[in-house]
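Each chain, letter by letter, is given below.
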Amino acid sequence: MKKTVLREYAKLIVRVGANVQKGQDVVVNAGLDQPEFVKMVVEEAYKAGAANVMVQWSYQPLTKLDVRYKTLKNLSAVQEWEKAKWQHFVDKMPAMIHLSSADPDGLKGMNVAKFSKANQASRKVIKPYRDQMDNKYQWCIAAVPGEAWAKKVFPGCSKRQAVEKMWEAILNCARANGDAVAAWDEHNKDLISRCQHLTDMGIKSLHITADNGTDFTVELIEESHWCGGGDTTIDGIYFNPNMPTEECFISPMKGKAEGIVYSTKPLSYQGQLIENFSVRFENGKAVEVHAEKGEEALKAMISMDEGASYLGEVALVPERSPIAESGLLFYNTLFDENAACHLAIGAGFTNTINNFEEKTMEECHAMGVNESMTHVDFMIGCASMNIDATCRDGQVRPVFRNGNWAF
Ligand code: ZN
């Protein structure tokens, strides 16, 4: 891909995505396979006025070595310097940029149970820091094609061709070709008006059905609203956390979900693929899961902690979106979640509660927003999906017909 095009994309991530402020620190999380693009992002962050930019590199083969050779105790430990780093983030509120490039299957063969247990332990230590940062800093997740990832999406191509095709697909789906700033502006306006419409409907519960057997009802929290497009920090800084984003989402009422959902896309969870799976809910809790592939990882996913078997998100995405229309399966949540309706197990979003700025996290949780250390989206949308809303006035109104908006 042309350097000038990539430079514009880096700028879009920094200015429109994370909206880095003058004098703010920036943390970039990236894979070791992206030195050139990371360099561009770092430079654009400094040009936007960043005071300090720090890059945290990751490399899947090293993660695998840690899981293999460290004892569970050492793997779970959060060192004092790491706690000091999190405290520093709490004090400084840096903008966080995550560049997703990893091989969706890159941790295959690793001891999942050990990795999950260690994650569970370390997240518990990190959670208080994260909680203090909630809704207070800007963040953005965007994608960069790693070679292995590109080959997974375009298996028939050479590595070079696959990466080039992935760049085209990523830039197109992220509305990052052409006048990207104007395109994001217009797209956000559309998402915001749909969310407003959904909120105005006063939805009590959604009934979701599809040809594949999905038959599922979920209740919403009365004092909440649908979110989509950009987000605003408590200090009023507007940012776009996901590039791309196509969803209108809400955090449902904890404990109020019944029925079964069938996955319509594979899920890459902690570097492992989970395929053709179903989740059955009773009183809001995932009580039964099956998967043709990766059932062990799926079970680990919903037992990360108490909240991991409850829902944190319901998101509506029409079949008509650049990602869905590309017909590609990305094996990456950022893209696949924006191509289909989805649910997420784990933590809900406190900012879907009305006037959340004036409430404590505990108050939001008491109102029904689920609490957990984890949040994992999984896709259930398809072309035969119908969704009906039972509204608080007792009326039943269509929301989705055959995979697309009914309004
Ligand atoms: Zn989502």
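Residues numbered from 1 in each chain as written. Predicted model: local features only at pLDDT ≥ 70, side-chain atom pairs only at ≥ 80, totals over all residues. Heavy atoms only, no water.

**Q** Looking at this model, I keep getting lost on the pairing of strand β2 (residues 53-58). Mind explaining?
**A** Successive residues of a regular strand alternate their side chains across the two faces of the sheet. Inspection of the sheet shows strand β1 (residues 26-31) paired to β2 by six bridges, in the parallel sense. Residue pairing across strands places Val27 opposite Met54, the latter belonging to β2. For the handedness criterion, the β-α-β arrangement of β1, helix α2 (residues 35-47) and β2 is classed as right-handed. (Pairing = 2+ DSSP bridges. Helix = DSSP H or I, 4+ residues; strand = E, 2+ residues; numbered from the N terminus. Right-handed = clockwise from strand over helix to strand, strands pointing away.)

**Q** So what exactly am I meant to see when it comes to α2 here?
**A** Since there are 3.6 residues in each turn of an α-helix, residues three or four apart along the chain are aligned in direction. For α2, with 13 residues, the first-to-last C-alpha span of 18 Å sits near the 18 Å given by 1.5 Å per residue. Structurally, α2 contributes buried residues whose contacts are with α1 (3-17), β1, β2, β3 (95-100) and α8 (159-173). At the exit of α2 stands Gly49, carrying a positive phi of roughly 105 degrees. (Expected span 1.5 Å × (residues − 1). Contact = heavy atoms within 4.5 Å.)

**Q** I'm lost on α8 in this one. Help?
**A** For α8, spanning 15 residues, the distance from its first C-alpha to its last is 21 Å, which sits close to the expected 21 Å at 1.5 Å a residue. Where α8 is concerned, the buried positions are Ala162, Val163, Met166, Trp167, Ala169, Ile170, Leu171 and Cys173. Buried residues along α8 sit against α1, α2, β4 (139-143), α7 (147-153), α11 (322-326) and α12 (333-336). Phi for Arg175, located one or two positions after α8, is positive at around 50 degrees. (Buried < 20%, exposed > 50% of the residue type's maximum accessible area, 1.4 Å probe, protein only.)

**Q** In this structure, what is going on with the coordination of the zinc ion? I would like to understand it.
**A** Tetrahedral coordination by four donors places them ideally at 109.5 degrees to one another around the metal; octahedral coordination by six donors ideally gives 90 or 180 degrees. Coordination sphere of the zinc ion, protein contribution only: Glu247 (OE), Glu313 (OE), Glu337 (OE) and His342 (NE2), at 1.9 to 2.5 Å. Coordination at the zinc ion is irregular: its four donor atoms span angles of 79 to 160 degrees at the metal. Donor residues binding the zinc ion come from one chain and are separated in sequence as E-x65-E-x23-E-x4-H. You can see Glu247 sitting in the loop between β9 (238-239) and β10 (248-250) and its partner Glu337 sitting in the loop between α12 and β16 (342-346), a full 90 residues away along the chain. (Donors = N, O, S within 2.8 Å, 3.2 Å for Na, K, Ca; no water. Tetrahedral: all angles 85-135°; square planar, octahedral: opposite > 155°, others 65-115°.)

**Q** Honestly, the sheet that holds β2 in this entry has me stumped. Any pointers?
**A** Pairing between the strands of a sheet is mediated by backbone hydrogen bonds and can be parallel or antiparallel. The sheet built from four strands is open, its strands ordered β2-β1-β3-β4 with parallel pairing. A strand with exactly one partner marks an edge of an open sheet, and here the two such strands are β2 and β4. Strand-to-strand twist of the sheet, defined as the mean angle between neighbouring strand axes without regard to direction, takes the value 15 degrees. Along the sheet, α1 makes contact with β3 and β4, crossing β4 at roughly 155 degrees. (Axes fitted to C-alpha atoms, helices over the stretch in contact; angles between N-to-C directions.)

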